[in-house]
Amino acid sequence: MSRVYNFSAGPAVLPESVLKEAAEEMLDYRGCGMSVMEMSHRSAAFQQIIDEAEADLRELMGIPENYKVLFIQGGATMQFAAIPLNLKRNGVFDYIVSGSWSKKALEEAGRFGEARCLASSKDGNFSYVPNVDELSFSPEADYVYICQNETIYGTRYPKLPETGNVPLVADVSSCFLSEPIDVEKYGVIYGGVQKNVGPAGMAIVIVREDLIPTEDLPDVPLMLQWRTYTENGNMYNTPPCYTIYICGKVFKWIKAQGGLEGMKRINEEKAALLYDYLDSSNLFKATVKGADRSIMNVPFVTGSDELDAEFVKAAKAAGIENIKGHRSVGGMRASIYNAMPLAGVQALVDFMREFEQQHS
Ligand SMILES: *Cc1c(COP(=O)(O)O)cnc(C)c1O
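Remember, predicted model here, so these are calculated numbers, not experimental data.

**Brief notes about the site of the ligand**
- Neighbouring the ligand are the residues G75, A76, T77, F80, W101, C147, N149, T151, D171, S173, Q194 and K195.
- The contact in question runs from an oxygen atom of the ligand to an N or O atom on the backbone of A76, over 3.1 Å.
- Between the ligand and T151 there is a distance of 2.4 Å, counted from an oxygen atom to a side-chain nitrogen or oxygen.
- Starting from 390 Å² of accessible surface for the ligand in isolation, the protein chains cover 87%.
- Top contributing element to the shell around the ligand by residue count: helix α3 (residues 75–87), with four residues.

**Some points on the sheet that holds strand β11 (residues 285–286)**
- Taking strand neighbours across the sheet as the criterion, the three strands line up as β11-β12-β14 in an open arrangement whose pairing is antiparallel. This sheet does not close on itself; its edge strands, each paired only once, are β11 and β14 (332–335).
- The sheet contact formed by strand β12 (residues 297–301) and β14 spans four bridges and is antiparallel. Along β14, the bridge assignment pairs P299 with R333.
- Against the sheet, helix α7 (residues 259–280) touches β11, β12 and β14, its axis set at about 15 degrees to β12.

**Quick look at the domain arrangement of the protein**
- You can read the domains of the protein as domain 1 (17–256) and domain 2 (259–358).
- One C-alpha centre belongs to domain 1, the other to domain 2; they are set 27 Å apart.
- Counting residues at the interface gives 26 residues for domain 1, matched by 23 residues for domain 2.
- Taken together, both faces of the contact between domain 1 and domain 2 bury some 2,200 Å²; the carbon and sulfur share is 55%.
- Sorting the residues of domain 1 by area buried against domain 2 places I152, R156 and P180 first, and these three jointly supply 24% of that buried surface.
- Applying the counting criterion to the domain 1 and domain 2 interface returns one salt bridge.

**Some details on the pairing of strand β4 (residues 114–120)**
- Pairing geometry for strand β3 (residues 92–97) and β4, over six bridges, is parallel. Bridged to V92 within β4 is E114.
- With helix α4 (residues 100–109) bridging β3 and the parallel β4, this β-α-β connection has right-handed handedness.

**Description of a nonpolar patch on the surface**
- Together, M26, L27 and M37 make up an exposed nonpolar region whose accessible area comes to about 330 Å².
- Along the chain, M37 falls in the loop between α1 (16–24) and α2 (44–61).
- In this structure M37 comes out as exposed when scored by relative accessible area, which is 52%.

**As for the sheet that holds strand β10 (residues 202–208)**
- Reading across from one edge, β2-β10-β9-β8-β5-β3-β4 is the order of the seven strands in this open sheet, with mixed pairing throughout. Two strands close off the open sheet at either side, each with one partner strand: β2 (67–73) and β4. Geometrically, the sheet is characterised by an average inter-axis angle of 20 degrees between neighbouring strands, direction not taken into account.
- Relative to β10, β2 runs antiparallel, the two sharing seven bridges. In the sheet register, I72 faces β10, and the bridge partner there is A203.
- Strand contacts of α3: β2, β3, β5 (143–147), β8 (168–171), β9 (188–192) and β10, with the helix running at about 155 degrees to β9, the strand carrying the most contacts.
- Against the sheet, α4 engages β3, β4, β5 and β8, with an angle of about 165 degrees to β3.

**A word on the side chain of S335**
- Within the fold, S335 resides in strand β14.
- With a relative accessible area of 0%, S335 lands in the buried category.
- A distance of 3.0 Å separates the side chain of S335 from the side chain of N297, its partner in a polar contact.

**What about the side chain of S121?**
- On the secondary structure map, S121 appears in the loop between β4 and β5.
- Only 2.9 Å separates the side chain of S121 from the backbone oxygen of Y128, close enough to count as a polar contact.
- Setting aside chain neighbours within four positions, we find S121 in contact with V97, S98, F126, Y128 and P130.

**Digging into the environment of S178**
- Looking at the secondary structure, you find S178 in the loop between β8 and β9.
- Excluding residues that lie within four positions of it along the chain, S178 makes contacts with N196, L260, M263, K264, N267, M296 and N338.

**Quick look at unusual backbone geometry**
- A cis amide bond links G10 to the next residue, P11, at an omega of -10 degrees.
- Phi at N234 is positive, roughly 65 degrees, even though this residue is not glycine.
- Summarising the element assignment, N234 is placed in the loop between α5 (226–230) and α6 (241–256).

Rules of the game
- Residues numbered from 1 in each chain as written.
- Predicted model: local features only at pLDDT ≥ 70, side-chain atom pairs only at ≥ 80, totals over all residues.
- Heavy atoms only, no water.
- Near = heavy atom within 4 Å.
- Polar contact = N/O pair within 3.5 Å; in protein donor to acceptor, adjacent residues only side chain to side chain.
- Areas by Shrake-Rupley, 256 points an atom, 1.4 Å probe, with all protein chains shown as cover.
- Helix = DSSP H or I, 4+ residues; strand = E, 2+ residues; numbered from the N terminus.
- Pairing = 2+ DSSP bridges.
- Contact = heavy atoms within 4.5 Å.
- Axes fitted to C-alpha atoms, helices over the stretch in contact; angles between N-to-C directions.
- Domains from an automatic or database assignment.
- Buried area = accessible area lost by both parts, 1.4 Å probe.
- Salt bridge = Lys/Arg side-chain N within 4 Å of Asp/Glu carboxyl O.
- Right-handed = clockwise from strand over helix to strand, strands pointing away.
- Patch = residues over 30% accessible without salt bridge, like charges linked within 9 Å, V, L, I, M, F, W, Y side chains within 5 Å.
- Buried < 20%, exposed > 50% of the residue type's maximum accessible area, 1.4 Å probe, protein only.

Given below as structure tokens:
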């Protein structure tokens, strides 16, 4: 068996110890005589798995009592619709567009009301985040929406918009649990789990209780209503049991890394290693500058499409996988999520250095 350094943007690298534990428990989960995949979601064993996962997540993020934790199938994209549908009061939704994911979310919300683009960084090919201090927020909006870390362009918000009484909604898919977060600054925090937390196919939604409709929304499918999840302990129907089980193991792994403070320290060290090299290189250059740089997704280019392609190919041969950039940016992108070890980033930088020497 040989494992590569996997820089995929998602689905993405998971902690090796989590995969090993899951492998050990595959045929017989702790004396149950069956896999978690085969287990009734109504069993005591699974109830313990989901309860522990929620408790560990609450502890890690410091989620206050008045916030609910929802495990919802369908990934982040399904929440693009669920957010306007559940938060609709006046039918006015304000979006800050800093890349493809916030743009997609804005377009989806437009199906359900008046979705407005408050600011966009499209003019700079999304290489920066709009300055939130220059924005004014209108109280008639049902919420203000941001994508806190834009996976494709490699940007993140250096500070959050101050939206007053209007709830802030944030897609944190690609920065979930990568550093401490002040939950009370948000109305809704959500993300697909396949970037930083677990296998694909599920979103975790953390929502302030008073924002969840208390009555049935007759025009909205039950599976899109958040109250369906809160009123049924996340088990109105069969939840994605195995995904929840793996996420739970990842939460415990993060706790063992020193929680979100520990994660942040390691992630900043990894990001600094890569950005410092990029800033000193004569061949490679980062596409994002300054405080807006993501510490999770790092796009970079050589300036030549041919050289980029050669680099991607040579990297693959050296055990550095999925380093090709998204087609809308080109070049390369290294996704260095929580589970990417420092040694992986070091191997990438060493390889880039060698490639640079050969091409200068
Ligand atoms: C990957 C990603 C999504 C889409 O997630 P799905 O689970 O595929 O729906 C949404 N937002 C961001 C920021 C992402 O990185």
